[in-house]
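# Structural overview for review
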Amino acid sequence: GQQLNQSPQSMFIQEGEDVSMNCTSSSIFNTWLWYKQDPGEGPVLLIALYKAGELTSNGRLTAQFGITRKDSFLNISASIPSDVGIYFCAGPPTNTGNQFYFGTGTSLTVIP
Amino acid sequence: DSGVTQTPKHLITATGQRVTLRCSPRSGDLSVYWYQQSLDQGLQFLIHYYNGEERAKGNILERFSAQQFPDLHSELNLSSLELGDSALYFCASSVASGDSDTQYFGPGTRLTVL
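These notes cover the structure that comes with them.

How each quantity is defined
Residues numbered from 1 in each chain as written. Chains lettered and ligands numbered in written order. Predicted model: local features only at pLDDT ≥ 70, side-chain atom pairs only at ≥ 80, totals over all residues. Heavy atoms only, no water. Salt bridge = Lys/Arg side-chain N within 4 Å of Asp/Glu carboxyl O. Buried < 20%, exposed > 50% of the residue type's maximum accessible area, 1.4 Å probe, protein only. Helix = DSSP H or I, 4+ residues; strand = E, 2+ residues; numbered from the N terminus. Core = buried A, V, L, I, M, F, W, Y, C linked by side-chain atoms within 4.5 Å. Contact = heavy atoms within 4.5 Å. Buried area = accessible area lost by both parts, 1.4 Å probe. Polar contact = N/O pair within 3.5 Å; in protein donor to acceptor, adjacent residues only side chain to side chain.

## Looking at the pattern of salt bridges
Residues and elements named next belong to chain B. Enumeration according to the criterion identifies five salt bridges over all chains in this entry. Arg-26 is the salt-bridge partner of Asp-29, the closest N and O atoms lying 2.8 Å from each other. We classify Asp-29 as buried; its relative accessible area is 2%. On the basis of relative accessible area, Arg-26 is assigned to the partly exposed category, the value being 22%. A salt bridge links Arg-63 to Asp-85; the nearest nitrogen and oxygen atoms lie 2.8 Å apart. With Arg-63 in the loop between β6 (53–57) and β7 (64–68) and Asp-85 in the loop between β8 (74–78) and β9 (87–94), this residue pair connects regions lying 22 residues apart in the sequence. By the burial criterion, Arg-63 is buried, and Asp-85 matches it. Look at the salt bridges and you will find they share partners, linking Arg-63, Glu-82 and Asp-85 into a network.

The structure is reproduced here in structure tokens:
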């Protein structure tokens, strides 16, 4: 099946630091989505990207749709303890109709 | 709150049994998707229904089946359960069925097979 590789796999940072994570695939995407999942809860949509090169912000979060359409990036500025969770990229590769694939996840721990 | 509801929240059953998980999409959404999330497999797409019709199948076992009813709620049926079926099962909904349609997730059903 399709593989969305997220990096890094986990991060431990101090409160107030900025965070960067990325997602890459061998397939081309028309849509990139970033979700955050708290333990035992469903993923919550953070940012949706629909066009190559698009840069979109949601508060302290900024995500970019890579120009190759095979990658995406998520940045969190001035992290706070409630940013703790697992961040997933997701989207439908262009050759799979509307079948969504999820990345391997980046686990974020914020140390107060 | 995404507006997607799932019941039950927790389900504990024995191997060989059959269970039904239920999902109600957000108001106005026509598409329902089912996902399985286990510790070692991450989020895996199972199946997608749009307005009552199956649209796409992912890694869904033959022991599993789903349907979407005229009121747009969906049920995922899991039969002949095995220990490895223990996982979180999520449904998500979206307005339509295009690849630009954002999916909103429910809180999930945690299935434990003993």
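## Thoughts on the nonpolar core
Judged by nonpolar contacts, the single largest core of 22 residues is most densely connected at Trp-32, Trp-34, Leu-74 and Leu-108 of chain A. Only β2 (10–14), β3 (19–25), β4 (32–37), β5 (44–49), β7 (61–65), β8 (71–76), β9 (85–91) and β11 (106–111) of chain A provide two or more residues apiece to this core. Val-4, Val-19, Ala-66 and Leu-81 of chain B belong to the second largest nonpolar core, which has 20 residues in total.

## A few points about the interface of chain B and chain A
In many reports, interface size means the accessible area that the parts give up when they come together. Taken together, the contact between chain B and chain A spans 22 residues of the former and 19 residues of the latter. Roughly 1,600 Å² is buried in total at the junction of chain B and chain A, and carbon and sulfur atoms are behind 53% of that figure. Taken together, chain B and chain A are joined by zero salt bridges. Counting every contact that joins chain B to chain A gives three residue pairs in polar contact (both at pLDDT 80 or more).

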